[in-house]
Amino acid sequence: MSGENIQGRIISLLDVLPKSEQKIGNTILEDPAKVIDMTAAELANYAGTSPATVIRFCKKIDVPSFTQLKVRLSAEIETPVYEGYSDITANESVDEIKTKLLGNAYQSMQETVALLNEERVETIVDLLVAAPIIYVFGIGASYLVAENIAQKWNRIGKTVVCVQDSHVLVTILVSAPKDAVFFCVSHSGETKEVLRLVDVAKKHQLKTIGLSQFGNNTLTNKVAYSLQTVRSNEAVLRSAATTSLHDQFIVVDVLFYAYASRNFDRTLEMIQESKAEVRTYEK
C-alpha cells in the first residue's frame with residue numbers, strides 16, 4: 001500500500017515500546033536492507049532478543065507477520081517515503097512556515113489513510129447504519145472532531161448527539177436505546193473522562209468506537225472498535241493540535257463517505273435539501 005511508511009511508524013513508536021522491542025526497531029532502522037535477508041530468529045539473535053519479541057514487535061506496528069514486514073520494508077527501500085516532520089524555528093518567513101505545515105499535514109494524512117483497515121471501516125459503517133442514535137464525545141481539540149462527526153451525519157438524517165458536559169452525557173447514556181453507538185475521540189487514548197464514559201457506555205450495552213493515535217493505549221483496549229491515526233511526532237512548539245487534527249478529520253471523512261456511498265442518492269438528496277433550507281433561513 002502506498003504511503004505506508006513502516007520506518008516512520010517504527011520511529012514514532014520507539015519511545016513507548018519495551019526495551020526488548022526497541023532493540024528490534026533500532027536494528028531495523030539502522031540497516032533495513034540487511035534485515036530483509038534475515039529470518040525472525042536471525043534478527044532476534046542479532047538484536048539480542050527472542051523470536052517471540054520479533055513477532056510481538058510486528059503486531060505493535062500493525063504488521064501481521066515478519067514476512068510481511070520484510071515485504072513492506074523492501075518496497076520502502078526501493079521508494080523511500082520517510083521524510084520526517086519539520087519544526088518551526090525562530091524568525092521564519094511565512095512561505096517557509098506554509099511549506100513546512102503543508103508537508104507535515106500531507107505526510108501524516110497519507111500515513112493515516114494507509115493505516116486504516118478497510119474491513120474495520122466497513123464494520124464500523126455497518127454499526128453506524130444500524131444505530132438509532134450516535135453519541136459523540138471529545139475534550140479540547142478532540143471536541144472539534146466530535147462536533148464535526150455530529151454535523152456531518154445530522155445533515156444526512158442520522159441522529160447524532162454531541163454533548164460537551166460529561167456529567168450530562170452519563171445520564172443520557174444510561175437510557176440509550178438498543179444498538180446505540182458511543183463514538184469517542186482522544187488523541188492520546190488516555191483522557192480520563194473519555195475512558196470513564198466508555199465504561200458507562202459498555203455497562204449499558206452501547207456499541208463503542210474509539211479514535212486515538214497509533215499504538216497500545218487504554219482507549220484502544222477498552223472500546224469494541226478502534227480507529228487510529230498515525231503518531232506524527234508533532235513539534236514541541238505547537239500550541240494546539242495541528243497535524244493530529246488533520247489526521248482525525250480525514251479518518252472521519254473516510255468513514256462519512258463510506259457511509260454516504262451505501263445510500264448515495266438519498267444522501268445527496270438530503271445534503272441538497274439541507275443546503276436549500278439553510279439558504280432560505282438566512283434570507
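Bear in mind the structure is a predicted one, so any value in this text is a computation, not a measurement.

Novice: So, the overall build of the chain: which residues are in play, and what are the values?
Specialist: Helix and strand counts for the chain stand at 14 helices and 5 strands. Radius of gyration (C-alpha) of the chain: 21 Å, near the 19 Å computed for a compact globule of 283 residues. Projecting the C-alpha coordinates of the chain onto the three principal axes gives extents of approximately 65 × 50 × 35 Å. Within the chain, buried positions represent 45% of all 283 residues. Restricting the contact set of the chain to residue pairs at least 6 apart, pairs at least 24 apart contribute 69%. Put simply, the chain shows about 14700 Å² of open surface, and 53% of that area lies on carbon and sulfur atoms. Looking at charge distribution, the chain has the averaged site of its 29 positive side-chain charges lying 7 Å from that of its 34 negative ones.

Novice: Which residues make up the side chain of T229, and what values go with them?
Specialist: Following the sequence through the fold, T229 ends up in strand β5 (residues 225–229). Residue T229 is classed as buried on the basis of its relative accessible area of 0%.

Novice: Could you give me a rundown of the sheet that holds strand β4 (residues 207–213), with the residues and numbers involved?
Specialist: Taking strand neighbours across the sheet as the criterion, the 5 strands line up as β2-β1-β3-β4-β5 in an open arrangement whose pairing is parallel. Each having just a single partner strand, β2 (160–162) and β5 make up the two edges of the open sheet. Averaged over all pairs of adjacent strands, the angle between strand axes in this sheet comes to 20 degrees, irrespective of strand direction. Judged from the 5 bridges that link them, β4 and β5 form a sheet pairing that is parallel.

Novice: Tell me about the UniProt feature "transmembrane region" (unreviewed entry) in the chain, residues and numbers included.
Specialist: Under the local residue numbering, the UniProt record ascribes the feature "transmembrane region" (unreviewed entry) to residues 127–146. Secondary structure content for residues 127–146 is 50% helix and 25% strand, while the C-alpha to C-alpha distance between its ends is 17 Å.

Novice: So, the environment of N154: which residues are in play, and what are the values?
Specialist: Structurally, N154 can be placed in helix α9 (residues 141–155). With 120 residues separating them along the chain, N154 and S274 place their C-alpha atoms 9.9 Å apart. Those residues within four positions of N154 in sequence are excluded, and the remaining contacts are T159 and V160. A distance of 2.9 Å separates a polar atom in the side chain of N154 from the backbone nitrogen of V160.

Novice: Tell me what's going on with unusual backbone geometry, and back it up with residues and numbers.
Specialist: One non-glycine residue, D179, lies in the positive phi region at around 70 degrees. Here D179 shows up in the loop between α10 (166–174) and β3 (181–185).

Novice: Can you break down the state of the cysteines residue by residue, with the values?
Specialist: Using the criterion set out here, one finds 0 disulfides in the structure. The cysteine C162 is free of any disulfide, with C184 supplying the nearest cysteine sulfur at 12 Å. A relative accessible area of 22% places C162 in the partly exposed class.

Novice: So what's going on with the packing of aromatic side chains? Which residues, and what values?
Specialist: Summed over the entire model, instances satisfying the criterion amount to 3 aromatic pairs. Aromatic pair W153 and F256: ring centres 5.2 Å apart, planes at 85 degrees, arrangement edge-to-face. Within this pair, whereas W153 is found in helix α9, its partner F256 is found in helix α13 (residues 243–262), the two being separated by 103 residues in sequence. The burial state of W153 is the same as that of F256; both residues are buried. Judged by centre distance (5.9 Å) and plane angle (75 degrees), the rings of W153 and Y259 are edge-to-face. With W153 in helix α9 and Y259 in helix α13, this pair connects stretches of sequence that are 106 residues apart. Overall, the relative accessible area of 1% leaves W153 in the buried class. Aromatic ring contacts, followed pair by pair, group W153, F256, Y257 and Y259 into a single cluster.

Basis of the calculations
Residues numbered from 1 in each chain as written. Predicted model: local features only at pLDDT ≥ 70, side-chain atom pairs only at ≥ 80, totals over all residues. Heavy atoms only, no water. Helix = DSSP H or I, 4+ residues; strand = E, 2+ residues; numbered from the N terminus. Rg over C-alpha atoms; globule rule 2.2 N^0.38 Å. Buried < 20%, exposed > 50% of the residue type's maximum accessible area, 1.4 Å probe, protein only. Contact = heavy atoms within 4.5 Å. Areas by Shrake-Rupley, 256 points an atom, 1.4 Å probe, with all protein chains shown as cover. Lys, Arg positive; Asp, Glu negative; His and termini not counted. Charge placed at Lys NZ, Arg CZ, Asp CG, Glu CD. Pairing = 2+ DSSP bridges. Axes fitted to C-alpha atoms, helices over the stretch in contact; angles between N-to-C directions. UniProt positions renumbered as here; feature names shortened; annotations may be inferred. Polar contact = N/O pair within 3.5 Å; in protein donor to acceptor, adjacent residues only side chain to side chain. Disulfide = S-S within 2.5 Å. Phe/Tyr/Trp six-rings, centres within 6.5 Å; stacked < 30°, edge-to-face > 60°.

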